[in-house]
Amino acid sequence: MTFCTETDLSIHRHRVPELERIQILPRYLGAHALAFENSVFDSLGTLAEAYKGGFWEFYELSNGGFYMAPEQERNLRIVVPGSGYEGELSPDAAGIIACLFAFNAMAWRFREDRHVNLYHWLRDYALDHDESGEILRAID
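Here's a quick rundown of the structure. No experiment lies behind these values; they were computed from the predicted model shown.

Considerations on unusual backbone geometry
Phase 1: Unlike most non-glycine residues, Arg111 shows phi in positive territory, near 55°.
Phase 2: Looking at where Arg111 falls in the secondary structure, it is placed in the loop between helix H3 (91-110) and helix H4 (113-126).

Structural data, given as structure tokens:
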């Protein structure tokens, strides 16, 4: 008899199919969906000089969270004003950072628990990301 002594505690992501994308932001952010989306785009535009817009992928997380990431092939140079962070990151990591900044801004602006929870769920996912060290330095 074999016993399983380890449990998979990792957080998994699932790309949202194109036909379901329109439902994602209202599902997680309600009336603040547009404000969040604009905040994410503005955040990345501020952090990455080379970012000029484009299509974004949406991902739901197995812990209840979600995030968006720009769909592009090239890494982005991220500079965080005020913290001194500079680094080159994948579009996925850059999207996580932009979403974390946006969730934080939403939490302060609207004072709703859901924004705080979304921030923490995404940060928990980021802890196991291949670029976790860079993500954490960028949001510090």
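So, the side chain of Glu60
Phase 1: Mapped onto the secondary structure, Glu60 falls in strand E2 (residues 56-61).
Phase 2: On the accessibility criterion, Glu60 (16% relative accessible area) is buried.
Phase 3: At a separation of 2.7 Å, a polar atom in the side chain of Glu60 contacts the side chain of Arg27.
Phase 4: Once you skip the residues sitting within four places of it in the chain, Glu60 turns out to touch His12, Arg13, His14, Val16, Ile24, Arg27, Tyr28, Gly65 and Phe66.

Side note on the pattern of salt bridges
Where charged atoms from two side chains of opposite charge come close, those side chains can pair.
Phase 1: Throughout the structure, instances matching the rule amount to six salt bridges.
Phase 2: The salt bridge involving Arg15 is made with Glu57; its shortest N-O contact spans 3.6 Å. Here Glu57 lies in strand E2 and Arg15 lies in strand E1 (residues 13-15), a separation of 42 residues in the sequence.
Phase 3: In this structure Arg15 comes out as partly exposed when scored by relative accessible area, which is 44%.
Phase 4: Take Glu57: its relative accessible area is 11%, and that puts it in the buried class.
Phase 5: Among the ionic pairs, Glu112 bridges to Arg114, the shortest N-O distance being 2.8 Å.
Phase 6: The exposure class of Arg114 is partly exposed, given its relative accessible area of 32%.

Procedures and definitions
- Residues numbered from 1 in each chain as written.
- Predicted model: local features only at pLDDT ≥ 70, side-chain atom pairs only at ≥ 80, totals over all residues.
- Heavy atoms only, no water.
- Helix = DSSP H or I, 4+ residues; strand = E, 2+ residues; numbered from the N terminus.
- Buried < 20%, exposed > 50% of the residue type's maximum accessible area, 1.4 Å probe, protein only.
- Polar contact = N/O pair within 3.5 Å; in protein donor to acceptor, adjacent residues only side chain to side chain.
- Contact = heavy atoms within 4.5 Å.
- Salt bridge = Lys/Arg side-chain N within 4 Å of Asp/Glu carboxyl O.

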